[in-house]
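The lines below spell out each chain.
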Amino acid sequence: MTSSGLLGRVAFRPLLIQTLVLGPGLLTAQAPLRSCSSDCLVQRAQEALSTGRYAEYLSVARQFAARAPDHPGVIYAVARGLAMVGQSDSALGWLDHLARIGASRAPSSDSVFAPLWNSRAFRALQARLDANRVPILRGKAAFSLPDPDFLPEAMAWDPSAATWITGSLAKRKLIRVGPDGSAKDFLSAEDMLRVVGIHVDSARSLLWFATWAPRVGVVGPHHEPMTETRLFKCDLRTGHVLRRYVPPDSGTSHLFNDLAIAANGDVYVTDTEQGWLYRIKADVDSLEIFLRPDPDHFSDANGIAIAPGDRRLYVAFLEGIARVEVRTGQITRVPSPENTSTAEIDGLYWYRGALLAVQHAPGLEQVIRYQLTRDGGSIRGVEVLERADSILRLPTTGAVVGTRFYYIANSQFDRLGDDNRLSPATASPPPLTVVRVIDLQSY
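This text gives an overview of the structure that appears in the document. In this text the structure is predicted, and so the values were computed from the model without any measurement. (Residues numbered from 1 in each chain as written. Predicted model: local features only at pLDDT ≥ 70, side-chain atom pairs only at ≥ 80, totals over all residues. Heavy atoms only, no water.)

A few words now on the overall build of the protein. Each helix and strand counted, the protein has 6 helices and 25 strands in total. A globule of 443 residues ought to have a C-alpha radius of gyration of about 22 Å, and the protein, at 21 Å, matches this closely. Dimensions of the protein along its principal axes, counting C-alpha atoms only, are 65 × 50 × 50 Å. Out of the 443 residues in the protein, the part that is buried amounts to 57%. The contacts in the protein between residues at least 6 apart in sequence include a share of 54% that link residues at least 24 apart. When the accessible surface of the protein is split by element, carbon and sulfur atoms take 50% of a total near 17200 Å². Charge centroids of the protein, computed over 47 positive and 46 negative side chains, lie 3 Å from each other. (Helix = DSSP H or I, 4+ residues; strand = E, 2+ residues; numbered from the N terminus. Rg over C-alpha atoms; globule rule 2.2 N^0.38 Å. Buried < 20%, exposed > 50% of the residue type's maximum accessible area, 1.4 Å probe, protein only. Contact = heavy atoms within 4.5 Å. Areas by Shrake-Rupley, 256 points an atom, 1.4 Å probe, with all protein chains shown as cover. Lys, Arg positive; Asp, Glu negative; His and termini not counted. Charge placed at Lys NZ, Arg CZ, Asp CG, Glu CD.)

Set out below in structure tokens:
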């Protein structure tokens, strides 16, 4: 999701860091240094950049890098800051880091790096970044959605009806889609907002989905629109809404995003705005705050997966993947190899001792498999399953069905603004959203 001044609310702030990299925005009083959220750091960087305080800009970028060391947007911002203050060798070192994690950027077209353009080391780095654009395609198109203005963010497989259920950001409804792409309306309600995470609990014949929307004209402390959110529990067969859940503090921004369902029916929900986790216990059926992580280390909670046995959750934060012990609530960052990034992940899924992720960080849009150590505490290996500029554009989420992974390859969510206006498609005919499938047994 994107499209405000911070490029980040049409679906869940995935491109927040681009503002840190690309330039100034609206200026306000500087936030206190003792506690500064991701939005706050971006704002401080904007202020420093707009007034030519490049050393301060670099300092803020380094602070962000301490929190999110493998975020490609942050790495690039540090490289730019170093180039601005004349530390060319250090800038090249950070660009090298960017190339090692598989990102693709074009510093050769960024005038900040002009003093480096003619050096052999810079040209070699740009060649490596360009090489990271070489497509990796291990899947194929499964089907397309017939409405180019639907703007889906998530999908779930209903085995009882052998159909997909997907929701619309723009039209605020759910549809059922056959394996051939044929679609029919399934569920709509007056109080539905933009549909994001969707999960099927087939054991209980339940459908869960999260919705959110900006509060037009109401802004928060960092000039981002305040948001409201609602979670729905429905009858899977009829679409009848059984219950709605809202955060108790309606005066604060919240964004219910993705869900994971335990074998006993407990539901875990991420709140991207607050970075929190909620839980709805099946035997209580009420919304409770399950975990409030330290926002200086874990912000913008998004994708969530539950490991077999229901003892451990994996949650995608802006800074990377975290492991959460369900019994104790203990949260720790999952270490990863130096040649990969776990930042800015949207969809996150458990599959046979590994985590599948849909990543849409700036310069790093891909589907990736993280092989975990036996104890599940760290990542021991990585494998890019799909990447291609011409096919993956703002990929979002998907679903594992048996040994296959289906995912939304080109969501088009950047067409929906915070004012709820849908921008027309730039191509003619308008592009359709494509769902791709990867046979995981083959790779």
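Before going further, it helps to examine the packing of helix α4 (residues 72-84) against helix α5 (residues 88-100). Relative to each other, α4 and α5 sit at 165 degrees, their axes nearing to 8 Å. With respect to each other, α4 and α5 are oriented roughly antiparallel. Considering the relative orientation of α4 and α5, their crossing is left-handed. Between α4 and α5, the contacting residues are Pro72, Ile75, Tyr76, Val78, Ala79, Leu82 and Ala83 on the first element and Ser90, Ala91, Trp94, Leu95, His97 and Leu98 on the second. Grouping the constituent residues of the contact of α4 with α5 by class yields 11 nonpolar, 2 polar and no charged. (Axes fitted to C-alpha atoms, helices over the stretch in contact; angles between N-to-C directions. Parallel < 35°, antiparallel > 145°, perpendicular 65-115°, else oblique. Left-handed = near helix turned anticlockwise from the far one by under 90°. Nonpolar A, V, L, I, M, F, W, Y, C, P; charged D, E, K, R; others polar.)

Of all hydrophobic cores here, the largest spans 38 residues; its most connected members are Leu95, Leu98 and Phe113. Residue contributions to this core peak at 8 residues, all from α4. Once residues lying within four places of it in the same chain are set aside, the contact partners of Leu95 are Tyr76, Ala79, Pro107, Phe113, Phe122 and Leu125. By size, the runner-up hydrophobic cluster in this structure holds 21 residues, among which are Tyr245, Ile261, Val269 and Ile280. (Core = buried A, V, L, I, M, F, W, Y, C linked by side-chain atoms within 4.5 Å.)

Read across the sheet, 4 strands follow the order β3-β4-β5-β6 without closing on themselves; strand pairing throughout is antiparallel. In this open sheet, the two strands that pair with only one neighbour each are β3 (152-158) and β6 (183-187). Across the sheet, the axes of successive neighbouring strands diverge by a mean angle of 30 degrees, strand direction being ignored. (Pairing = 2+ DSSP bridges.)

In space, the 4 strands of this open sheet follow the order β7-β8-β9-β10, with antiparallel pairing throughout. What marks the edges here is a single partner per strand, and that holds for β7 (194-201) and β10 (241-245). The mean angle between the axes of side-by-side strands here comes to 20 degrees, regardless of whether they run parallel or antiparallel. Alignment of strand β9 (residues 225-235) against β10, held across 4 bridges, turns out to be antiparallel. Paired with Phe232 across the bridge in β10 is Arg244.

Direction vectors running N to C along helix α2 (residues 38-50) and helix α3 (residues 54-67) enclose 160 degrees, while the axes themselves pass 8 Å from each other. In terms of orientation, α2 and α3 fall into the roughly antiparallel class. For the crossing formed where α2 meets α3, the hand is left-handed. Between α2, through Ser38, Leu41, Val42, Arg44, Ala45, Ala48 and Leu49, and α3, the contact on the second element is made entirely by Tyr54, Glu56, Tyr57, Val60, Gln63, Phe64 and Arg67. Of the residues contributing to the contact of α2 with α3, the split by class is 9 nonpolar, 2 polar and 3 charged.

Here we come to unusual backbone geometry. For the bond running from Ser428 to Pro429, omega is 0 degrees, close enough to zero to count as cis. With respect to the element layout, Pro429 can be found in the loop between β24 (404-408) and β25 (434-439). Even without being glycine, Ala162 reaches a positive phi, approximately 55 degrees. Inspection of the secondary structure assignment puts Ala162 in the loop between β3 and β4 (163-168). A residue is classified by how much of its surface remains accessible, and Ala162, at 37% relative accessible area, is partly exposed. Not every positive phi belongs to a glycine, and Gln412 is a case in point at roughly 65 degrees. The topology assignment puts Gln412 in the loop between β24 and β25.

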